Each structure stands twice: as structure tokens, then as C-alpha cells.
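Residue-level listing of the chains:
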Amino acid sequence: MSDKKKRYLITSALPYVNTVKHLGNLVSTLLPADIYARYLRQRGEEVLAVCGTDDHGTPSEVSALEAGMPVEEFVEQMFNKQKDIYERFGLSFDLFSRTHTAENTELTQHLFLKLYENGFIIEKEVQSLHCKNCKRNLPDRYVVGTCPNCKYEHARGDQCENCSKVLDGIDLINPVCIICGKSNTEIHSGKHLFIDLGSLEGRIKEWINSHKDWPKTAHSIANSWIRDGLRPRSISRDIKWGIPIPLDGYRDKVFYVWFDAPIGYISISMEWAKQQGDPDLWKKFWKETDTYIINFIGKDNVPFHTITFPATLIGADDDFALADYVKAFQWLNYEKTKFSSSKKVGIFTDTALELFPPDYWRYYLMKIAPERHDTDFTWSEFRDSVNGDLADILGNFIHRTLTFINRYFDGKIPKANALEKEDKAIIKALIDVSKNADLEMRKLEFQRTILTIFDFARDCNKYFQSKKPWADWKDNKKDRVATTLNICAQCCRGLAVLLAPFIPFTAEKIFDLLQLKEDIHKQSWNSVGKNISDNHSISKELEPLFPKIELEQIIELGLKWGGESAKELLKQNPQLDPSKKVKNKPKTQSKPKKAKKKQPKVDEKMTKELVSFKDFQQLDLRVATIKSVEPVEGTKKLLKIIVDIGTEERQIVAGVAERYKPDELVGKQIVIIANLEPAKIRGVESNGMLLAADSDPEISILTPMRKVPNGSKVR
RNA sequence: AGCGCGGUGGGGUAGCUAGGUUGUGCCCACAGGGCUCAUAACCCUGGGAUCGGUGGUUCGAAUCCACCCCGCGCUACCA
């Protein structure tokens, strides 16, 4: 589909900067983009793959506020954190940058001015909610209030969850700002800028219709927008954190984050060009028609990549190329429920890396990539895939082959002799799989590619089984064993080359074991028939490529992070219950009675619901040292306390003044909840809460028994 | 409500755009057997499904059409 093209430009939807992303984010944008880029590079194509964080907008501001940091600093920190995670996942972007850069500011402003000159920008008067307390304009998502339609009291500004009516923030009765929790809003009205999508509709439509090969969702969502009629879309916002609008009358406003984010694809390419020492290098990717451009996105992102961003480029009329292919993914669910960053449901990329090697995730995630419809991550299936496909099929084949070569041929690839029917068949299968996988990859069919390659790995085991080299060796048919193992070794190499885009770390390891010196990431798929030369020495130190995941481990993880599949496994294997295990332990000790005593007695008053370990983990308990204390004026109980929590100083307010004098607290170490949402108590801001035992009237502040560094975690 | 996606043996999934030896393929689970080189891995065989329902088109439908039922998602700043 892209044979006439000379080079490829790959973009992955820019992950929003404010939180660490979950596996759903990874699977529909970053990971497939990386895999496709790796595949193309192996094929010897000229590729530029760019990505970066999407930095601007209200959510960043709010998250920064919550973290008690200046936005710029917060965003920088989160950018670095995300970048580091993606590197550890082996994501091979030519540049992973961000949208808060000089390049993006300049380009966004430039494109806007072109749109303005060309008459595609219109001005309109808009009303919006303003929180007088936060001194901030409130996007619809940041307001809750009573629904004017059904009177539901917790309707969000954009939509009522109860009656599902689509709302405007200003429609809400008794609107409350979710940032400060106060109902202190007023309606502001002001001029805003809109991009006139309607007058660009014809050209957008033409472009969409000329690309029938896109995934179904991409088309249906794009077409439904067009069918409903393209209305002007606001591109200005009354916030501080963003790219300033270079137009008189609007200089106190910034661009809507979705205006500048996709422009980031181009500005990051520009940054990349500068780093290459040729500042114009980006132009051939963006301004020449023989580049094939692919956007990797989730389905929610379709409108921005098929309507608004193309509209920007078309309207600016500055010769920027539009995408050739929009690879839109559906959703990945977590154990039948939605992944949710805000509700902390699911597995997040940083946690994933702590649990298992990146290739385990890369493989499983692409195997279940939601290419056709929504799919489900389950712990149980994750284990099945890793153990079954990676360890038992792939790992086992390679391991048994290399073990034989070491044992019988002193670690040297033996020479193949006369070929029999099965030998020829498996060699043909190897060539075929490289061709078929290549055809599927060209169509960006990731799951099919994986299935094709693993079917071949199964064939390899069948071949090994049918040739019985262990039996031949006993029968003294050394030549025959040599032939079998030579062919198996070629298959190992072939599998490594074919799987390199998907599981690059393992593929490298296989090349290391084979002691092949060439760079695996430059081996094209049609090189898989290429023989490793006779007598080539392989490594003598073998170890399993994929340690297996124990059932017990997966049950524990499933229970810890939440998941029905683990509960189901536990039902089938009740002996593996982690909680029971703890109970069993005392039996082996000499004094089981003592253990029993330790069990907390359920006091009648302790009727609170059980919480999961996960819920408990959400509390960020830290040790802090009290720096200064002063009473809050006009109150009997409250003290304003400044504490040092290692990374920063915090102000907290505590109701302990009746039992503690300010002087006796200074210098003491205490325990605080560091991630409690900020609150104002008697007008004084409190960013945390100290822990104290409360048995009215006595209050005892908790303090660590030994001195520990400030910021130490408490659990 | 509208729109989108899906409903295929116990679980998962492919096949459906161009209807034919298709109730067929694949993975997992299950049963039996083989092998014993390998990470208790590998290989073979087998059982198991009115292909959501009803009606239609057709010589013939999982595949096309109509209506209905069920699940999920979206309705525009969640990938």
C-alpha cells in the first residue's frame, strides 16, 4: 500500500503529561508505533518516529497545584519520568520530546497566523464559568453542580452522569469548582477564537474519502462528524499554561491544548532535525509527497487526527503533508472494567516495569491489541501467554536447540547434510513465514503478524520432535543430527529477526546466545533464510530466556491490583490463598497460641468496611520534621505547622493546640498523609494531615521510634 | 436517545467487505496417548457449538437483507 513512498513518518499520540500512563495508553499508541518503526528500520527504510508529552492545558495546571509545584517545574518532572519509563520499555522514538518548547510555540503561532490570514479564524463571544476563589476560568470538566434537566446534584459541567444530557458548565445550578470545592463562581463573558471547520469541510472530506483503507473506527467516527456538519471549534482558552495567542485582543489567552498538541508532531521533528545537525532535515518528511505518514492513536483521538488537525494544516496552506494512514485502536479494558487514571484502576506503566521484564508486556499487549474491538487485559491470560507462548513454545525451542549444539557439537553449528522431506518443509516454512508476516505488517496487522510468527515457532517444535535428534544420536546417526540442528539454529535466528520489533530485548539476547555479531535491528525479514555459517561458535552459557510466572504470583498480583481472573484462579486453587498462607505459617512455629493472640480482635466499634491493600497503598504516608509552629488566630484548637518532608516544605493545619504547645513540637518527627487533597481550614491552607491517636480528651501525635530521613515512606 | 463496536464449542479469538466440500482455523482449558532432548516443557489423537433470536433472499448463509434481543463503548479534551 505504500510501495511508491520513499520514507516513513510515524507519529504516536502524545501522552498527556500530568500522570504516569496505564497499559491502555501504551498499547494503542506508543507501543505499536515503536514496533512499526522498528520493523521498517529492519527493512532498511528511512524512518522518522516522533513522540512527546502533551504539556499544556488545565489538567497540568491542576495536577501541579495538587503537587504543590509551579506548573513548569511539575511538567518538566513528569516529562522526564514518562520519558524514562518509555525508554525502559524499549520504545525507540528518534526523538521523544514535548510540546512545551520554543519550536512548538513558534510553529503553532505561525500556523495560527496563516489560518488567520487565510480567513479561517472567526471571533465569537462566549460565556464561561469563573471561580472567584481560584481566580481561574473553569473548563466544563472542572465544575460540578445540579443538573438543570434531572436535578441530579453531582452532574459534571460537560455532561450529567445521571440523565446523560450534554451540558454546558454555565447551565449548572449551584456550580461548584472541583479544584477548590467552593461554590464561588460567576459567569464571565469574553471573545474567543474559533477555527472555521465548516469552510474547510470539502477538502477534509475529500482527503478522508481518498483513504478507504483505514480501520473502520477511524472512518466511522470521522464520517459521523462530517455528517453532523462541521461547526466552528474554539481554539482559545482563558488560562495561563499554554502557548500565547499572538493576536491583539487575545494576548492574555493561550491556545486550546488540542490546537498545539498535534502540531507537536511537526515541531518535535524540527527539534530532531536540529539535533541531527541539519535544521532542514524535517522538511522532507513533512513537505514532500513521497513520505508515508502514519498516526497511531486511540479511538477517542480520531476527530483530532481526521478533522481538526488536518483542518489546521489545510487551512494554513503551508504545504504540510497530511497523514496517509490513521491507525486507530479501540480500548483495552482491565479485567472487564475500564482503565482509569483518575480512579487508579488498572496497571500503570511504572508498576508494570517493576513487576516483569518489558518484553513480557510488549508481547502480551500486542497479542491482545484492540485492533478490531475492545479487548481485555486479565492477569490469568497474561500468565498463560507469557508461559505458554514465550516460555514453552519460543523459549523452549531455542533452549533445546542450543543445548543440543553445545552437548553434541561442542557449541559449533554443525554442517547440514542431505535434506529430507521434513527438512525442506521447515526451511520453506521459514521463508514463508517471513513473507506472510511481512505482508501482514505492511497492512499494520499486528495481531496477525504475531500469530503467524508463533505458529511457525510451534512448527519448529514439531520439526524437532519429528526428527528426534536425541534418538538419532544414540543410534550413531551423527550426520543426521547435524542436519537437524543446523536447520534448527537457522530457525532460531529467523525467529529472533522476525520477533525483534516486538520483543527487542529478547531478540538481542538470542543473537547474543548465537554469538552473531551483526546488529539484529538491521536484519531485514527477508534475510531469514540466510545461513549461519558452519562451525560458527555459539554461547556455552545458556539460561532460560523467559522465567515463568508462577500461579501463586499471578494470584497475588491479581488480588493486590484488582481483578476477577485472579479470584477465579484462586477459587480453582484455594491452597494458594495468600491470606491463608499467612495463617498457616504459625502452625510450623512452636507457639501457635501466640500467633492467635496477635490477631486483631474485632472490637465492636471497629465496624468500618475492609479496604483492599491497593486502597491502603493509595495513602502516601511520610515521615516529616516539624520546622515551625504557630497558632491559627481566632481558634482554640488549630495549629499551623510547617514540616519538612524531604523533597519540600509543607504547611499543614492540625487540631492539636489544646494538648500541644507550639514550642514542644518544633524539631519532632511525625507521620503525615502527604497526598491528602488540600483543604482550607479557617482560611489557612492545609496540604496534608498529621497522624495522632485520639482518645478524647487525650491526643498523642505519632512519632517514629528512631530518627529516619524526612520523606521516608510509612507503611 | 443517537452513533459505534461486538454476540462463533467451557474461556478467548479468526472467518463475514467479494455467500459454496465452513460448523471450518488458531490459542487456552479438558480427556487419552507418545516422547523423555528441553523452563513438569514438547508432540499426537479425541470430546465438545442449533455460528444471539426470528423471518427473508438463494440451489446453497456464520457470511447478504429486515426486524428484534443482549453486552460494551462513545456522544468530543480519557489511548
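Residues numbered from 1 in each chain as written. Chains lettered and ligands numbered in written order. Predicted model: local features only at pLDDT ≥ 70, side-chain atom pairs only at ≥ 80, totals over all residues. Heavy atoms only, no water.

Teacher, can you tell me more about the overall build of chain A here?
Check the secondary structure of chain A and you find 23 helices and 26 strands. Here chain A holds 715 residues, and 53% of them are scored as buried. In chain A, of all internal contacts separated by at least 6 residues, the share reaching a separation of at least 24 is 73%. Split by element, the accessible area of chain A, about 35000 Å² in all, is 49% carbon and sulfur. (Helix = DSSP H or I, 4+ residues; strand = E, 2+ residues; numbered from the N terminus. Buried < 20%, exposed > 50% of the residue type's maximum accessible area, 1.4 Å probe, protein only. Contact = heavy atoms within 4.5 Å. Areas by Shrake-Rupley, 256 points an atom, 1.4 Å probe, with all protein chains shown as cover.)

Would you explain the pattern of salt bridges in this entry?
Note on pairing: side chains with opposite charge can pair once their charged atoms come close. Inspection of the entire model under this criterion finds 40 salt bridges. In this structure, K327 and E371 form a salt bridge, with 2.9 Å as the shortest nitrogen-oxygen distance. Highlighted residues: K327 in strand 14 (residues 325–329) and E371 in the loop between helix 11 (358–367) and strand 17 (375–377), separated in sequence by 44 residues. Like K327, the residue E371 is buried in the burial classification. A salt bridge links R480 to E420; the shortest N-O distance between them is 3.5 Å. In this pair, R480 is assigned in helix 16 (residues 478–499) and E420 in the loop between helix 12 (379–409) and helix 13 (421–442), connecting sequence segments 60 residues apart. What makes R480 buried here is its relative accessible area of 11%. Judged by its relative accessible area of 36%, E420 is partly exposed. A single salt-bridge network, built from bridges that share partners, covers K6, R7, E46, K284, E288 and D290. (Salt bridge = Lys/Arg side-chain N within 4 Å of Asp/Glu carboxyl O.)

What exactly am I supposed to notice about the packing of aromatic side chains here?
We describe a pair of aromatic rings using the distance from one ring centre to the other and the angle between the two ring planes. Inspection of every chain in the model, using the stated rule, returns 37 aromatic pairs. On the numbers, 6.3 Å between centres and 75 degrees between planes, the contact of W361 with W379 is edge-to-face. With W361 in helix 11 and W379 in helix 12, this residue pair connects regions lying 18 residues apart in the sequence. In this pair, the class of W361 matches that of W379, namely buried. (Phe/Tyr/Trp six-rings, centres within 6.5 Å; stacked < 30°, edge-to-face > 60°.)

Help me out: how do you make sense of the environment of Y660 in this one?
Position of Y660 relative to the elements: it lies in the loop between strand 20 (649–654) and helix 23 (662–665). Between the C-alpha atom of Y660 and that of G119, which follows or precedes it by 541 residues, the distance is 68 Å.

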